[in-house]
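Each chain, written out:
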Amino acid sequence: MMQQTVEDVVHDRSSDELISVPASAMVAEAVDVMSAREVGAVMVMSEDNLVSGIFSERDLLIRVVQPGRDPKTTPISLVMTRDVRFVSPGTSIEAALALMHVLRFRHLLVIDGPRVHGLISMRDLVAQLIRHGEGRFEAAVRHASAATPR
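Residues numbered from 1 in each chain as written. Predicted model: local features only at pLDDT ≥ 70, side-chain atom pairs only at ≥ 80, totals over all residues. Heavy atoms only, no water.

1. A short note on the packing of helix H5 (residues 93-103) against helix H6 (residues 122-131)
Axis angle and axis distance: for two packed helices, these are the angle between their axes and the distance between the axes, and together they describe the pair.
Argument step 1. Where H5 contacts H6, the axes come no closer than 10 Å and their chain directions differ by 145 degrees. Where H5 crosses over H6, the two elements pack in a sense that is left-handed. On the side of H5, the interface is formed by Ile 93, Glu 94, Ala 96, Leu 97, Met 100 and His 101, while H6 contributes Met 122, Leu 125, Val 126, Gln 128 and Leu 129.
Argument step 2. Per-class residue counts for the contact of H5 with H6 are 8 nonpolar, 2 polar and 1 charged. (Axes fitted to C-alpha atoms, helices over the stretch in contact; angles between N-to-C directions. Helix = DSSP H or I, 4+ residues; strand = E, 2+ residues; numbered from the N terminus. Left-handed = near helix turned anticlockwise from the far one by under 90°. Contact = heavy atoms within 4.5 Å. Nonpolar A, V, L, I, M, F, W, Y, C, P; charged D, E, K, R; others polar.)

This is the structure in structure tokens:
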């Protein structure tokens, strides 16, 4: 079996569009984009079209809601995650999941040199494994349920 990579996840998505907001946006604008696109995070782009950070649902809760900031007047650049981790497209799904688990984050940029391939979530990776797991997960579930006393 060929090892699945994060590039496979990026290519299997329904859209190749990178979902982002400008660094000059307010939090409310980012939330509108996230809601409309049904995603848990967006990239925050500088004027030079470089990734400045990401803004996630967790950022919204911890850095906006909890301290009582107004989403309509709070700049995204003030509350985004700046220290964004990334992997190359050839990184295995298992390695990406391990990195996300150990470092306790749910979103990961896929970057190759200057090119941003996408922003993927832990959910994207798990879905890819389940869809293309060649029966490994179904067999594991059957084995686990057979071994459980009734």
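2. Some details on the layout of surface pockets
Argument step 1. Space inside the largest pocket adds up to approximately 940 Å³.
Argument step 2. As for the largest pocket, its lining consists of 35 residues, of which Gly 40, Ala 41, His 107, Leu 119 and Ser 121 are closest to the centre.
Argument step 3. The biggest single contributor to the lining of the largest pocket is helix H3 (residues 57-65), with 5 residues.
Argument step 4. Of the residues contributing to the lining of the largest pocket, the split by class is 13 nonpolar, 8 polar and 14 charged.
Argument step 5. In this structure, the second largest pocket spans a volume of roughly 210 Å³.
Argument step 6. Forming the boundary of the second largest pocket are 15 residues, of which Met 45, Asn 49, Leu 50, Val 51 and Val 116 lie nearest the centre. (1 Å grid on protein atoms, 1.4 Å probe; cavity = no way out; pocket = protein on both sides within 12 Å on 5 of 7 lines; lining within 4 Å. Points joined across faces, edges and corners; volume = space filled by probe spheres on them.)

3. Structural notes on the pairing of strand S2 (residues 41-45)
Argument step 1. In terms of burial, S2 is largely enclosed, as 5 of its 5 residues are buried.
Argument step 2. In this structure, strand S1 (residues 20-22) lies alongside S2, joined through 3 bridges in parallel fashion. By the bridge assignment for S2, Ser 20 is matched with Met 43.
Argument step 3. Traced from S1 through helix H2 (residues 27-37) to S2, the parallel crossover comes out right-handed.
Argument step 4. Between S2 and the antiparallel strand that follows it, strand S3 (residues 51-56), lie 5 residues; Asn 49 among them carries a positive phi value of about 65 degrees. (Buried < 20%, exposed > 50% of the residue type's maximum accessible area, 1.4 Å probe, protein only. Pairing = 2+ DSSP bridges. Right-handed = clockwise from strand over helix to strand, strands pointing away.)

Everything listed is a geometric property; what it means functionally is a separate question.
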